[in-house]
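# Descriptive analysis of the structure
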Amino acid sequence: MDFTLNENQKMIQNMVKRFVKDKLAPIAADIDKKGEFPKKIVKELGKQGIMGISVPSQWGGSEMDVVSYAIAVEEISRGCASTGVIVSVNNSLVCDPILQYGNDYQKEEFLTPLASGKKLGCFALTEPGAGSDALNQKTVAVKDGDYYIINGSKNFITNASEADIAIVIAVTDKNATKKSRSISAFIVDMKSEGVSIGKIEDKLGIKGASSCSIIFEDVKVPANQLLGNEGDGFKIAMTTLDGGRIGIAAQALGIAQSALDDAVAYSKERKQFNQYIHEFQGIQFMMAEMSTKLEAARLLVYKSAYLKEIKDPNYGTFSAMAKLYAAETASFIATKGIQIHGGYGYTKDYPAERHFRDARITEIYEGTSEIQKIVIARSLLKN
Ligand code: CAA
């Protein structure tokens with residue numbers, strides 16, 4: 001078993017590290033404070049091939065493996081968790097389903113600009129009444145000649161207010177014998193008539209990434225923008241999330257690494273009782289535990305990415321485990337990071353509080369920790 005990164009993986013790690021150090025980390029606090037979408041950064045990342053990392057070059061991507069993708073999201077999130085999720089959503093939740101289920105026309109028309117960073121995507125599954133219960137969709141798409149007419153609303157959609165293209169999940173046949181077959185997936189141009197952006201959420205963290213509702217009022221979508229076949233939408237959404245969870249788990253790794261790095265650095269600056277606080281065993285034990293959990297999380301995240309890369313049929317169970325463990329680890333490390341900073345950690349003078357706020361969402365979006373446990377338990381019990 002070889003745990004070393006290959007040359008391509010090291011190359012992307014170094015490239016993203018450099019970009020983050022020079023351009024992103026210095027403005028991360030500002031992005032958070034202003035709650036501003038990092039438009040320029042996202043454009044630059046697009047030019048560097050980071051918006052479609054595992055997409056073949058034929059369709060505008062960088063044609064790198066899924067481990068490279070996880071490494072890139074981790075390193076970006078180490079600098080700025082908001083940028084991390086923007087990148088993760090475009091790669092995992094938008095490019096990936098078009099790559100997996102799209103036809104050549106859809107790949108040419110939609111995947112190529114998305115993967116090359118010319119356009120940005122969002123994934124519209126969640127609705128007010130369909131969060132964890134994703135099957136409970138109310139948005140409808142009715143076939144009308146060469147079009148589908150979409151009506152309904154989605155909420156908490158990452159990237160929605162900046163997105164050019166959305167993957168929209170909607171009910172096409174409410175009488176289908178199986179509820180899971182009642183749903184279809186569409187590629188929707190966000191500039192279509194009848195699409196509007198509703199409430200933009202004022203969130204605890206990842207403030208540079210927008211999360212908002214989208215309203216669809218008699219939106220005419222050409223029938224050739226149906227992704228896969230009618231009735232495939234729920235399967236497309238679920239398999240997309242199997243991959244998406246690797247991106248969020250990688251985001252959690254980046255936040256956790258940053259929180260640990262900051263705590264270690266602070267412990268070497270801060271003196272109490274006439275000694276640096278890192279000399280206290282209580283602080284050392286905390287840091288040892290943080291570091292051990294982080295390494296365990298990283299092994300799970302890279303393993304799930306590797307399993308997706310080799311198309312292991314069970315990789316979704318591993319991505320659920322990776323997200324569950326990495327998210328809970330990020331929250332644990334960020335909490336301890338504040339503890340090591342003491343009162344200063346509770347102020348905005350140090351990034352410890354930002355890591356804490358950013359970490360929290362990784363336990364919620366793309367399936368809460370409880371949903372990941374359901375996915376893992378079902379896989380254990382299925383035979
Ligand atoms: N791959 C393929 N098929 C799958 C699947 C998977 N991973 N998971 C389920 N299915 C299939 C099932 O086999 C079943 O098929 P049949 O009907 O043919 O038997 C069908 O889908 C229905 O599955 P379940 O019976 O398991 O459905 P359920 O209602 O019990 O729900 C769930 C399953 C796992 C809880 C699912 O609803 C779920 O994942 N919920 C969480 C949703 C989520 O993660 N939302 C995140 C939104 S996106 C986001 O957060 C983006 C962002 O902002 C960053």
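It should be emphasised that the depicted structure is a prediction, and the values quoted were computed from it without experimental measurement.

Not every one of the 23 residues close to the ligand is listed here, only the nearest: S132, T158, S180, E366 and R378. Between the ligand and the protein, one listed contact pairs an oxygen atom with a side-chain N or O atom of T158 at 2.6 Å. One of the side-chain N or O atoms of R378 is found 2.6 Å from an oxygen atom in the ligand. Compared with its free state, where it exposes 1,100 Å², the ligand has 71% of that area covered by protein. Of all the secondary structure elements, the ones that give two or more residues to the shell around the ligand are α4 (81-101), β3 (147-158), α6 (233-267) and α10 (369-381). For the shell around the ligand, the element with the highest residue contribution is α6, accounting for six residues. When residues of the shell around the ligand are sorted by domain, at least three fall in each of domain 2 (122-234) and domain 3 (240-381).

Quick look at the pairing of strand β4 (residues 165-171) now. Most of β4 is tucked away, with seven of its seven residues classed as buried. Of the two faces of β4, both are covered, the one formed by I165, I167, I169 and V171 as well as the one formed by A166, V168 and A170. Sheet topology note: the strand β1 (residues 121-124)/β4 ladder contains four bridges and is parallel. Along β4, the bridge assignment pairs G121 with I165. Taken together, the seven bridges between β4 and strand β5 (residues 183-189) define a ladder with antiparallel strand orientation. Across the sheet, the residue bridging to I167 is I187, located in β5.

Let us look at the packing of helix α3 (residues 66-79) against α6. How two helices sit against one another is set out by the angle between their axes and by the gap between those axes. Interaxial distance between α3 and α6 falls to 7 Å at its minimum, and their mutual angle equals 40°. Judged by the inter-axis angle, α3 sits oblique to α6. For the pair α3 and α6, the sense of crossing is right-handed. Where α3 abuts α6, its residues V66, Y69, A70, V73, E74, S77 and R78 lie against I246, G247, A250, Q251, L253, G254, I255, Q257, S258 and D261. For the contact of α3 with α6, the class distribution of residues is eight nonpolar, six polar and three charged.

Per the stated rule, a full pass over the model turns up 18 salt bridges. With a shortest N-O distance of 3.6 Å, R78 and E75 are connected by a salt bridge. Of the two residues, R78 and E75 both sit in helix α3, three residues apart, roughly one turn of that helix. The partly exposed category is assigned to R78, whose relative accessible area is 26%. Here D261 and R78 are joined by a salt bridge, their closest N and O atoms 2.9 Å apart. Remark: R78 occurs in helix α3 and D261 occurs in helix α6; sequence separation between them is 183 residues. Salt bridges sharing common partners tie together K17, E75, R78 and D261.

Turning to the environment of D358, a few remarks are in order. When you line up the elements, D358 lands in helix α9 (residues 352-361). Measuring from C-alpha to C-alpha, the distance between D358 and I206 comes to 5.3 Å, with 152 residues separating the pair along the chain. There is a polar contact of 2.7 Å between the side chain of D358 and the backbone nitrogen of I206.

Turning next to a positive patch on the surface. Residues K39, K43, K47 and K118 make up a contiguous surface patch of positive charge. With respect to the element layout, K43 can be found in helix α2 (residues 39-47).

In this section: the packing of α3 against α4. In the contact formed by α3 and α4, the axes pass within 6 Å of each other and the chain directions differ by 155°. With respect to their mutual orientation, α3 and α4 come out roughly antiparallel. When α3 is examined against α4, the residues Y69, V73, I76, S77 and G79 are found in contact with a partner set consisting of A81, T83, G84, V87, S88, N91 and S92. Looking at side-chain class alone, the contact of α3 with α4 contains five nonpolar, seven polar and no charged residues.

Looking now at the environment of S369. Considering the arrangement of structural elements, one finds S369 in helix α10. Judged by relative accessible area, S369 falls into the buried class, the value being 3%. The sequence separation of S369 and A327 amounts to 42 residues, and the corresponding C-alpha distance is 8.0 Å. Residues in contact with S369, not counting those within four places in the same chain, are L324, E328 and E363.

This part is about a nonpolar patch on the surface. Taken together, the side chains of M1, F3 and L299 make up a nonpolar region of the molecular surface, amounting to roughly 450 Å² of accessible area. Counting through the fold element by element, F3 comes out in the segment before α1 (7-34).

Take helix α7 (residues 281-309) next. Across its 29 residues, α7 extends 42 Å between first and last C-alpha, which sits within 8% of the 42 Å expected from 1.5 Å per residue. Note on α7: the residue one or two positions beyond its end, K311, has a positive phi of about 60°.

Looking now at the side chain of E75. Judged by relative accessible area, which is 3%, E75 ranks as buried. In this view, E75 contacts Q13, V16, K17 and V20; residues no more than four positions away in its chain are not counted.

Moving on, we get to the pairing of β3. The pairing of strand β2 (residues 140-144) with β3 spans five bridges and is classified as antiparallel. For K143, the partnering residue across the bridge sits in β3 and is Y148. Here β2 folds back onto β3 in antiparallel fashion, the turn holding two residues, of which G145 has a positive phi close to 65°. Here β3 runs beside strand β7 (residues 211-222); their pairing, made up of nine bridges, is antiparallel. The residue of β7 that forms the bridge with I157 is C212.

The rules we used
- Residues numbered from 1 in each chain as written.
- Predicted model: local features only at pLDDT ≥ 70, side-chain atom pairs only at ≥ 80, totals over all residues.
- Heavy atoms only, no water.
- Near = heavy atom within 4 Å.
- Polar contact = N/O pair within 3.5 Å; in protein donor to acceptor, adjacent residues only side chain to side chain.
- Areas by Shrake-Rupley, 256 points an atom, 1.4 Å probe, with all protein chains shown as cover.
- Helix = DSSP H or I, 4+ residues; strand = E, 2+ residues; numbered from the N terminus.
- Domains from an automatic or database assignment.
- Buried < 20%, exposed > 50% of the residue type's maximum accessible area, 1.4 Å probe, protein only.
- Pairing = 2+ DSSP bridges.
- Axes fitted to C-alpha atoms, helices over the stretch in contact; angles between N-to-C directions.
- Parallel < 35°, antiparallel > 145°, perpendicular 65-115°, else oblique.
- Left-handed = near helix turned anticlockwise from the far one by under 90°.
- Contact = heavy atoms within 4.5 Å.
- Nonpolar A, V, L, I, M, F, W, Y, C, P; charged D, E, K, R; others polar.
- Salt bridge = Lys/Arg side-chain N within 4 Å of Asp/Glu carboxyl O.
- Patch = residues over 30% accessible without salt bridge, like charges linked within 9 Å, V, L, I, M, F, W, Y side chains within 5 Å.
- Lys, Arg positive; Asp, Glu negative; His and termini not counted.
- Charge placed at Lys NZ, Arg CZ, Asp CG, Glu CD.
- Expected span 1.5 Å × (residues − 1).

Take it as geometry only, folks, not as evidence of what the structure does.
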